[in-house]
There are 2 protein chains.
Amino acid sequence: MEGWTVTVDRRITKKEKPNTEQLEFGRIFTDHMFIMDYMEPLGWHDARIVPYQQLTIDPSAMTFHYGQSVFEGMKAYHTDEGEIQLFRPEKNLERLNHSNDRLCIPQIDEEFVLNAIKQLVYLDKDWIPKADGTSLYIRPFIISTEPFIGVAPSHQYKLIVILSPVGSYYKEGINPVKIAVENHYVRAVKGGTGEAKTGGNYAASLKAQEKCTQNGFSQVLWLDGVEKKYIEEVGSMNVFFKINGEVVTPALNGSILEGITRNSVIQLLNHWNIPVTERKVSMEELYEAYVDGKLEEAFGSGTAAVLSPIGQLSWGDKDLFINNGKTGEVSKALYDTLTGIQYGRKTDPFNWVEKVKEVSAIKN
Amino acid sequence: MEGWTVTVDRRITKKEKPNTEQLEFGRIFTDHMFIMDYMEPLGWHDARIVPYQQLTIDPSAMTFHYGQSVFEGMKAYHTDEGEIQLFRPEKNLERLNHSNDRLCIPQIDEEFVLNAIKQLVYLDKDWIPKADGTSLYIRPFIISTEPFIGVAPSHQYKLIVILSPVGSYYKEGINPVKIAVENHYVRAVKGGTGEAKTGGNYAASLKAQEKCTQNGFSQVLWLDGVEKKYIEEVGSMNVFFKINGEVVTPALNGSILEGITRNSVIQLLNHWNIPVTERKVSMEELYEAYVDGKLEEAFGSGTAAVLSPIGQLSWGDKDLFINNGKTGEVSKALYDTLTGIQYGRKTDPFNWVEKVKEVSAIKN
Ligand SMILES: Cc1ncc(COP(=O)(O)O)c(C=O)c1O
Ligand SMILES: Cc1ncc(COP(=O)(O)O)c(C=O)c1O
């Protein structure tokens, strides 16, 4: 895609910006969006930033029928110095292509799209909220748009990026949650699409989430689809346990999404010389560690919450209360360090942060 | 939904109808479509038949992100007497609600929607092709339209029905196909969404389908996601084997779609006193039966092809050639009887056929 540029069609009348205190997740979108089309033999083409607007799509477009779609989720942060930062965004674009591969969607030029995202974020930079813990959520997604209801990979796609200002995940400070182990429903299985960020995995999760919410839990702990024995993820997060001084997390096995926060947590723990292992973790093992008083901390990791401590884990008729329902030391240190780096308040030893500057924006 | 009516907005200028000889599957759509919206607290409302038209949808609509969608597939047939027939359509509406349940989509009024479908088919009846083996494919589907990118069941939906005239599946007579057993990718797993007709299952299947086509096969035989041992389905069809005089088909286990053709095949076999059993069938067993000369017939069943005989089954380095690559006797009888009933050429002992008459259409 060398030499490609993004055309920019600026909105004349800007929308009203929301009150930072009332920000919810994912309901308000900014003034502009990015779109790029795919069609053979052109490949990806017509990259453009346009006013945020409704899509006009044929009812026979494949995306409505056969779920051939992928997405990503990342954030832009405002630093105290007024700079705009992204956190490891190249990893999101890399994962998007990984998802594309599984879903038979043509690869994108990662560098080009990242640059387009930076242009878009810069153009709508006044939408990035400044209050503590707030950010601008960035949602790139690809949908299959060929008007054809045969089961086959589409020959036409749209890549779209929309932006949504989001409030702090923790309105009253980071707070451990109650999790229910799901023994019936399965999110993903080896050989399926669990490794990819595609709609079907989330559609599959709704029923279990609904059930657990009704029972007073905030998220589901997913077990593997083969033996219903090994821990996979928690809600839409990866999961970590501190057992007897060692941090363990389920090894990537083909049905777990490779979280960027997960990878960052592992790197930080290594950096701090805290032992961390990726391996199979069974509920049985976890329960035994709990009974032996060795289950010290548990937390989920993901872009939305960064880190979500688990205070209680319900497994059939057994209840595991972790660290007296308080946020553990390692969890706290990870949360503080990760958010510190994201908001530019802590040094960034791994070069994770990428600034969004005017230079990356087209001036037209 | 008592007392509800469907408003009809007729297209003034009719589209040009395709040449029956050139009909492909799923690329051409008729003059009208049916739409109905869901929103709380109204429930399903605003049922209407309108000219076939593009949808205007927000890019944040949940369907683009989290795959919360379901669909159905059925056909309308023209009889030699000029009547219009549906084949067990109430089963499709029943299955749609079953899929809705798994996907946390609100239930529909099956009778009301079936009636709306009949009105739509009647209005566009000139689009039903008349040549042998042709029909009008009916695609009801539901998408989640709430403009919200949080992972949760949507509060807004659209149910849409579009119609597509389709050519004969077998242009040169019913013909056995080459199938590859898929050992790596998985379509669905127990606890997942395999029982539901939802996009994600089809998205998950694309990669394996692509691989098998490249290797010269026409479809994939899916194994169970747990042990990769037991046979589940073939492509987007249910699957049957005749072994030593007995017909067997995988029992519904939570990851297999309950096909309406499958159910009809079982009823017909029972009617004919041909032994038929629903149970687990492993590839191992099938291979042994083949080696012993007892694997007599194999075929897939589904609305699109009705019946698709399997002439060759490739399993790793083993190749099973079934009935010398010819259509078996039972397969042929089932195909002839099912299509005979669908096109009104054979008696319909089970009352499977439903006529579409003017009385079911609103006159306005
Ligand atoms: C299923 C699932 N697992 C894990 C994660 C965590 O990934 P990341 O840390 O890249 O946000 C996500 C996304 O946020 C997810 O959707
Ligand atoms: C996965 C799958 N299995 C089986 C079938 C067969 O179902 P039916 O006979 O109702 O068409 C279908 C749909 O046609 C399907 O999509």
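Remember, it's a predicted structure, so these values are computed and weren't measured experimentally.

Criteria and thresholds
Residues numbered from 1 in each chain as written. Chains lettered and ligands numbered in written order. Predicted model: local features only at pLDDT ≥ 70, side-chain atom pairs only at ≥ 80, totals over all residues. Heavy atoms only, no water. Helix = DSSP H or I, 4+ residues; strand = E, 2+ residues; numbered from the N terminus. Rg over C-alpha atoms; globule rule 2.2 N^0.38 Å. Buried < 20%, exposed > 50% of the residue type's maximum accessible area, 1.4 Å probe, protein only. Contact = heavy atoms within 4.5 Å. Areas by Shrake-Rupley, 256 points an atom, 1.4 Å probe, with all protein chains shown as cover. Domains from an automatic or database assignment. Buried area = accessible area lost by both parts, 1.4 Å probe. Salt bridge = Lys/Arg side-chain N within 4 Å of Asp/Glu carboxyl O. Polar contact = N/O pair within 3.5 Å; in protein donor to acceptor, adjacent residues only side chain to side chain. Core = buried A, V, L, I, M, F, W, Y, C linked by side-chain atoms within 4.5 Å. Nonpolar A, V, L, I, M, F, W, Y, C, P; charged D, E, K, R; others polar. Pairing = 2+ DSSP bridges. Axes fitted to C-alpha atoms, helices over the stretch in contact; angles between N-to-C directions. Parallel < 35°, antiparallel > 145°, perpendicular 65-115°, else oblique. Left-handed = near helix turned anticlockwise from the far one by under 90°. Least-squares fit on C-alpha atoms with pLDDT ≥ 70 in both. Near = heavy atom within 4 Å.

Participant: I keep staring at the overall build of chain A and nothing clicks. Help me out?
Facilitator: When its secondary structure is counted, chain A shows seven helices and 19 strands. Taken over C-alpha atoms, the radius of gyration comes to 21 Å for chain A, in line with the 21 Å a tight globule of 364 residues would show. When its C-alpha atoms are laid out on the principal axes, chain A stretches across 65 × 50 × 35 Å. Per-residue burial for chain A yields a buried fraction of 61% across its 364 residues. Summarising the internal contacts of chain A: among those between residues at least 6 apart in sequence, 71% fall at separations of at least 24. When the accessible surface of chain A is totalled, it reaches about 14,400 Å², and 46% of it is carbon and sulfur.

Participant: Sorry if this is basic, but what is going on with the domain arrangement of chain A here?
Facilitator: When the parts come together, some accessible area is lost, and that loss is often what is quoted as the size of the interface. Residue and element names in this part refer to chain A. For chain A, the assigned domains are domain 1 (6-167 + 353-363) and domain 2 (177-327). Taken over C-alpha atoms, the centre of domain 1 sits 28 Å from the centre of domain 2. Taken together, the 17 residues of domain 1 in the interface contact 18 residues of domain 2. Between domain 1 and domain 2 lies a buried interface of about 1,400 Å² when both sides are counted; carbon and sulfur atoms form 55% of it. Our count for the domain 1 to domain 2 interface comes out at zero salt bridges. One can count 10 residue pairs in polar contact (both at pLDDT 80 or more) joining domain 1 with domain 2.

Participant: Explain the nonpolar core here, please?
Facilitator: Nonpolar side chains tend toward joint burial in soluble globular proteins. In this structure, L221, I231, F241, M283, L286 and L313 of chain B are the most contacted members of the largest nonpolar core, which totals 46 residues. When residues are assigned to domains, this core turns out to be shared by domain 1 (6-167 + 353-363) and domain 2 (177-327) of chain B, each giving three or more. Apart from residues lying up to four places away in sequence, L286 of chain B is in contact with I231, F241, I243, V281, L295, L313 and L320 of chain B. Residues V234, F241, V247 and I341 of chain A belong to the second largest nonpolar core, which totals 45 residues.

Participant: Would you take a moment to explain the side chain of S168 of chain A for this structure?
Facilitator: As for its placement among the helices and strands, S168 of chain A is situated in the loop between β9 (156-166) and β10 (177-181). Apart from the residues within four sequence positions on either side, S168 of chain A is in contact with D132, G133 and T134 of chain A.

Participant: Would you take a moment to explain the interface of chain A and chain B for this structure?
Facilitator: With 61 residues of chain A at the contact, the number on the chain B side is 61 residues. Between chain A and chain B, a total of about 5,100 Å² is buried, with carbon and sulfur atoms accounting for 62% of that surface. Between chain A and chain B we count four salt bridges in total. Among the ionic pairs, D101 of chain B bridges to K207 of chain A, the shortest N-O distance being 3.0 Å. Linking chain A with chain B are 22 residue pairs in polar contact (both at pLDDT 80 or more), by the criterion used here. Elements with a minimum of two residues in the side of chain A that touches chain B: β4 (55-57), α1 (63-66), β5 (69-71), α2 (89-102), β8 (135-144), β9 and α4 (199-214) of chain A. Tallying contributions element by element places α4 of chain A first for the side of chain A that touches chain B, with nine residues. Across the side of chain A that touches chain B, the residue classes break down as 31 nonpolar, 20 polar and 10 charged. Of the strand pairs in this sheet, β4 of chain A and strand β4 (residues 55-57) of chain B are connected by three bridges, and their pairing is antiparallel. What sits directly across from L55 of chain A, in β4 of chain B, is I57 of chain B.

Participant: Looking at this structure, how should I read the pattern of salt bridges?
Facilitator: Oppositely charged side chains are able to pair whenever their charged atoms sit close together. As enumerated under the stated definition, the model contains 39 salt bridges over all chains in all. Notably, a salt bridge pairs E83 of chain B with K355 of chain B, separated by 3.0 Å at the nearest N-O pair. Of this pair, E83 of chain B sits in the loop between β6 (74-78) and β7 (84-87) while K355 of chain B sits in strand β19 (residues 353-355), and the two are 272 residues apart along the sequence. Under the relative-accessibility criterion, K355 of chain B is labelled partly exposed at 31%. As a salt-bridge pair, E296 of chain B and K242 of chain B come within 3.1 Å of each other at their nearest N and O atoms. Taken together, the residues span a long stretch of sequence, with E296 of chain B in strand β16 (residues 295-302) and K242 of chain B in strand β13 (residues 238-243) at a distance of 54 residues. By sharing partners, the salt bridges in this structure join D37, D46, R48 and K158 of chain A into a single network.

Participant: Looking at this structure, how should I read the packing of helix α5 (residues 260-271) of chain B against helix α7 (residues 329-342) of chain B?
Facilitator: A packed helix pair is summarised by two numbers, namely the angle formed by the two axes and the spacing between the axes. Residues and elements named next belong to chain B. Running from amino to carboxyl end, α5 crosses α7 at an angle of 110°, the nearest separation of the two axes being 11 Å. Between α5 and α7, the angle falls in the class roughly perpendicular. In this structure, α5 meets α7 at a crossing whose hand is right-handed. For the pair α5 and α7, the contacting residues are T261, S264, V265, L268 and L269 in the first and V330, L334, T337 and L338 in the second.

Participant: Would you explain the relation of the copies chain A and chain B in this entry?
Facilitator: Once chain A is rotated about the relating axis by 180° and shifted along it by 0.0 Å, it coincides with chain B to within an RMSD of 0.0 Å. Viewed as a symmetry operation, the transformation between the two copies matches a two-fold axis. Here 100% of the interface residues in chain A have copies in chain B that are interface residues too; the copies meet face to matching face.

Participant: Explain the site of ligand 1 here, please?
Facilitator: Residues and elements named next belong to chain A. Near ligand 1, the surroundings consist of 15 residues, among which Y202, E233, I260, T261 and T303 are the closest. R95 places a side-chain nitrogen or oxygen 2.9 Å from an oxygen atom of ligand 1. With respect to ligand 1, the side chain of K197 contributes an N or O atom lying 3.0 Å from an oxygen atom. Compared with its free state, where it exposes 380 Å², ligand 1 has 94% of that area covered by protein. Secondary-structure elements contributing two or more residues to the shell around ligand 1 are α5 (260-271) and β16 (295-302). Across the shell around ligand 1, the residue classes tally to four nonpolar, seven polar and four charged.

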